[in-house]
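Structure assessment
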Amino acid sequence: MGAKSFPLTPAQARAIWLRAQRLDAEAPFGEGPEATRRAVAHLGYVQIDTINVIERSHHHILHSRIPGYSRTDLEWAQSTDKSVFEYWTHALSYVPTADYRFFIPAMERLRQAPNAWLAGVDPGDYAALLRRIRREGALSIRDIGDEVLVEKTHPWASRKPSKRVLRLGFFIGDLTISKRSGMLKSYELAGRHFGWLRRPRPATEAQIAAYLLDRAVRSQGIVSLDSICFGNLASKAAVSGLVETAVRRKRLLPVRLDGHAKIQHWAPPAALDTTAEAPPRPQVHILSPFDPLVIQRKRLNLFFGYEHRFEAYVPAAKRVLGYFALPVLMGDEVVAAIDLKADRQARKLLVQKWTWIAKRRAGLKPAIEEAMARFEQFQLS
């Protein structure tokens, strides 16, 4: 793009990303239900996952940034304040409701051309479901009695035909998930849940590209085309044009990571200004494998020199880190990966396997054990 490229050391690059992720401070979003709303708004999405050998990922991610986090805070944000909603980003996630319009074009594409997961729903069955929800209020899959069950077509599928009908309504935007009880979802008419007289105006493709760029700059600090468009590869061309414009206007500056000059990155000038500040007191975080810092595996390896392995679906004999290993971040270094399991009946957090990533040194294990004690309290509260 012709602009001067600013060199960054690995430590500077990590500091910028950690600050953007709000993993360098004690309680960056404050406490209470408002902290959850602020955290989701800042991060842009919080991934949902069903695995529950420890607390599920969406609660875990929020706890990593809100020490006093309570599960009821997310329930409040979804069902009462309605400041977050569920939809697909790179995976099913909690997303700020203020961003809803950026997802409407995807909903409409699925309405016009349902994918294999959604196709085959009888229009009469779908219309009947909408009438029932309009009449009775939000429904969960347990409220619908299917007389004839079917064989699963995928391990994550359901034997209940009604599950596909509900899923269709969700993905095309007629329905939204108004409440969760564990992983049991209640589906409500989107307009009634949000109190809309009419649905928000859909964002244009150009506006979606700008949204992806803004979200990435805010939550990543340093961005690449891949990191901006993670889960949205079709937007790369439009985003690339916006980056060029931002560079010309000096809203973004090209930066060069030591040893990785071939991968183009950019950062806002304000982010580069912070690298001269004294480092904060190191924080210890036991991170979810679905944490925004971890989920982009190549980026994590590029910045931290650590390649995380998610092995829940790997045969036991081939696992290296364990079934559900959690990266342990200390300051700006991934120092260990610990495979944990919550024994809820015995009210204990069990260490299945402990793998050192960093060279062991004085004070390292006690600091991790202190963080694990806090993590255990969260698991069993």
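Our subject is the structure listed above.
A brief look at the structure comes next. (Residues numbered from 1 in each chain as written. Predicted model: local features only at pLDDT ≥ 70, side-chain atom pairs only at ≥ 80, totals over all residues. Heavy atoms only, no water.)

**Quick notes on the overall build of the protein**
Counting its regular elements, the protein contains 14 helices and 13 strands. The C-alpha radius of gyration computed for the protein amounts to 22 Å, which stays within 12% of the reference 21 Å derived for 381 residues, consistent with globular compactness. Expressed along its principal axes, the backbone C-alpha trace of the protein runs to roughly 60 × 60 × 40 Å. Looking at the protein residue by residue over its 381 residues, the buried ones come to 50%. Summarising the internal contacts of the protein: among those between residues at least 6 apart in sequence, 61% fall at separations of at least 24. Just so you have it, the protein exposes about 18600 Å², and 53% of that area is on carbon and sulfur atoms. (Helix = DSSP H or I, 4+ residues; strand = E, 2+ residues; numbered from the N terminus. Rg over C-alpha atoms; globule rule 2.2 N^0.38 Å. Buried < 20%, exposed > 50% of the residue type's maximum accessible area, 1.4 Å probe, protein only. Contact = heavy atoms within 4.5 Å. Areas by Shrake-Rupley, 256 points an atom, 1.4 Å probe, with all protein chains shown as cover.)

**Focus on the packing of aromatic side chains**
In total, this model carries 21 aromatic pairs according to the counting rule given. Ring geometry for Y87 versus F170: centroids 5.5 Å apart, planes at 45°, classification tilted. With Y87 in strand β3 (residues 84–88) and F170 in helix α7 (residues 161–171), this pair connects stretches of sequence that are 83 residues apart. For F170, a relative accessible area of 5% translates into the label buried. Judged by centre distance (6.3 Å) and plane angle (45°), the rings of F290 and F324 are tilted. (Phe/Tyr/Trp six-rings, centres within 6.5 Å; stacked < 30°, edge-to-face > 60°.)

**Focus: the sheet that holds strand β7 (residues 184–189)**
The strand order across the open sheet built from 3 strands is β5-β7-β6, with neighbouring strands paired in antiparallel fashion. The two strands at the open ends of the sheet, each matched to only one other strand, are β5 (139–140) and β6 (175–181). Examined bridge by bridge, β5 and β7 share 2 bridges and lie antiparallel to one another. In the strand pairing of β7, S140 is matched with S186. Contacts from helix α6 (residues 123–136) reach β5, β6 and β7 within the one sheet, and its direction differs from that of β7 by about 90°. Where α7 meets the sheet, its contacts fall on β6 and β7, and the angle it forms with β6 comes to roughly 115°. (Pairing = 2+ DSSP bridges. Axes fitted to C-alpha atoms, helices over the stretch in contact; angles between N-to-C directions.)

**Structural notes on helix α2 (residues 33–43)**
For α2, the complete set of buried residues consists of A35, T36, A39, V40, H42 and L43. Viewed along the axis of α2, the buried residues span an arc of 165°, placing them on a single side of the element. Phi turns positive one or two residues past the end of α2, at G44, with a value near 95°. (Arc of directions from axis to C-beta.)

**Digging into the pairing of strand β11 (residues 325–330)**
Of all 6 residues making up β11, 6 are buried, and the element is well covered by its neighbours. Burial of β11 is two-sided: the residues A325, P327 and L329 facing one way and the residues L326, V328 and M330 facing the other way are all buried. The pairing of strand β10 (residues 284–286) with β11 spans 3 bridges and is antiparallel. Considered in β11, the bridge of V284 is made with M330. Direction of pairing for β11 relative to strand β12 (residues 333–343): antiparallel, over a ladder of 6 bridges. Paired with A325 across the strands is D339, a residue of β12. The antiparallel hairpin formed by β11 and β12 contains 2 residues in its connecting segment, where G331 sits at a positive phi of about 65°.

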